[in-house]
Amino acid sequence: MTVRRPAFKYFEPCALDAVMTATDAPCECCNASPGELYSGPIFGLRDVELLCLDCIASGRAARELGSSFADVGTAWEVHSDFDREAGDVTAEVLAELGERTPAYSSWQSPVWLFHCGDGGVFHGDASESDVAKASTESRAHFERNFGVPWAEVTDGYTPSGHNGIYRFDCRNCGMVMFHWDCD
Ligand SMILES: [Zn+2]
Ligand SMILES: [Zn+2]
């Protein structure tokens, strides 16, 4: 079964499978039953668990249910503090990321990475080859952000394990960034 999915500026299609659930249940916002629904992190006062991607992409779930996804406000505050390369990110970018972009499931809260004044594009769990081929620039960026040696964190890394490494690509300069999260 192939379900049509909307495109997201900050979320690669290949990373969506991890936050989608095949179900005949209706979207809790528009009642449509596309055959699969987003079941990743959803924040807000209303308890919402399943949404169609169209209601996320259009901003309808944010407007009508007050739902938000990645906790970008906090992520931005934390990130901009210690990473000067992140630049200045506009409120529009934060709104698109928090209210019209799916989040990803991780051990802790789904942090977003920023570069060149914009949000990075989420690529899901870094692959073994992403990690093995990480540039000197990417490794240095990681070590500045986390204060731990790259080699120590990536030793024996396998995707979807207890040691989570997520990939974000800068939309402007192409820099590949890695976020680290463990249980
Ligand atoms: Zn919907
Ligand atoms: Zn950049």
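Residues numbered from 1 in each chain as written. Chains lettered and ligands numbered in written order. Predicted model: local features only at pLDDT ≥ 70, side-chain atom pairs only at ≥ 80, totals over all residues. Heavy atoms only, no water.

Section: helix 6 (residues 136–146)
Working step 1: Taken together, the buried positions of helix 6 are Ser 138, His 141, Phe 142 and Asn 145. Projection of helix 6 onto a plane perpendicular to its axis shows the buried side chains occupying an angular sector of 100 degrees, all on one side.
Working step 2: Looking one or two residues beyond helix 6, the residue adopting positive phi is Gly 147, at roughly 65 degrees. (Buried < 20%, exposed > 50% of the residue type's maximum accessible area, 1.4 Å probe, protein only. Helix = DSSP H or I, 4+ residues; strand = E, 2+ residues; numbered from the N terminus. Arc of directions from axis to C-beta.)

Considerations on the domain arrangement of the protein chain
How big an interface is tends to be stated in terms of the accessible area lost upon association of its parts.
Working step 1: Split by domain assignment, the protein chain resolves into domain 1 (15–65) and domain 2 (72–182).
Working step 2: For domain 1 and domain 2, the distance between their C-alpha centres works out to 24 Å.
Working step 3: Opposite the 13 residues of domain 1 that make contact, domain 2 presents eleven residues.
Working step 4: Per-residue buried area on domain 1 facing domain 2 is highest for Ala 15, Pro 41 and Ile 56; these three make up 46% of the total on that side.
Working step 5: Where domain 1 meets domain 2, there are zero salt bridges.
Working step 6: The interface formed by domain 1 and domain 2 contains one residue pair in polar contact (both at pLDDT 80 or more).
Working step 7: Looking at the side of domain 1 that touches domain 2 residue by residue, the class counts come to ten nonpolar, three polar and no charged. (Domains from an automatic or database assignment. Contact = heavy atoms within 4.5 Å. Buried area = accessible area lost by both parts, 1.4 Å probe. Salt bridge = Lys/Arg side-chain N within 4 Å of Asp/Glu carboxyl O. Polar contact = N/O pair within 3.5 Å; in protein donor to acceptor, adjacent residues only side chain to side chain. Nonpolar A, V, L, I, M, F, W, Y, C, P; charged D, E, K, R; others polar.)

Considerations on the environment of Arg 144
Working step 1: Positionally, Arg 144 belongs in helix 6.
Working step 2: A residue is classified by how much of its surface remains accessible, and Arg 144, at 46% relative accessible area, is partly exposed.
Working step 3: Considering only alpha carbons, one finds Arg 144 and Ala 22, 122 residues apart in sequence, at a separation of 39 Å.

Some thoughts on the sheet that holds strand 6 (residues 163–169)
Sheet strands associate in pairs through backbone hydrogen bonding, adopting either a parallel or an antiparallel arrangement.
Working step 1: Sheet architecture is open: three strands sit in the order 5-6-7, paired in antiparallel fashion. Both outer strands of the open sheet, strand 5 (121–125) and strand 7 (176–182), are each paired with one neighbouring strand and no more. Averaged over all pairs of adjacent strands, the angle between their axes in this sheet comes to 25 degrees, without regard to strand direction.
Working step 2: As defined by bridge partners, strand 6 adjoins strand 7 across seven bridges and the pair is classed as antiparallel. Residue Asp 169 lies in a different strand from strand 7, and its bridge partner there is Val 176. (Pairing = 2+ DSSP bridges. Axes fitted to C-alpha atoms, helices over the stretch in contact; angles between N-to-C directions.)

Here we look at the coordination of the zinc ion (ligand 1)
Working step 1: At the metal site, the zinc ion (ligand 1) is ligated by Cys 27 (SG), Cys 30 (SG), Cys 52 (SG) and Cys 55 (SG), and these contacts range over 2.3 Å.
Working step 2: Considering all four donor atoms around the zinc ion (ligand 1), angles at the metal cover 103 to 114 degrees and the coordination shape is tetrahedral.
Working step 3: Each donor residue of the zinc ion (ligand 1) lies on the same chain, and together they follow the pattern C-x2-C-x21-C-x2-C. One end of the pair, Cys 27, is in the loop between strand 1 (20–22) and strand 2 (36–38); the other, Cys 52, is in the loop between strand 2 and helix 1 (53–57), and 25 residues separate them in sequence.
Working step 4: We classify Cys 27 as buried; its relative accessible area is 1%.
Working step 5: By relative accessible area, which is 5% here, Cys 52 ends up buried. (Donors = N, O, S within 2.8 Å, 3.2 Å for Na, K, Ca; no water. Tetrahedral: all angles 85-135°; square planar, octahedral: opposite > 155°, others 65-115°.)

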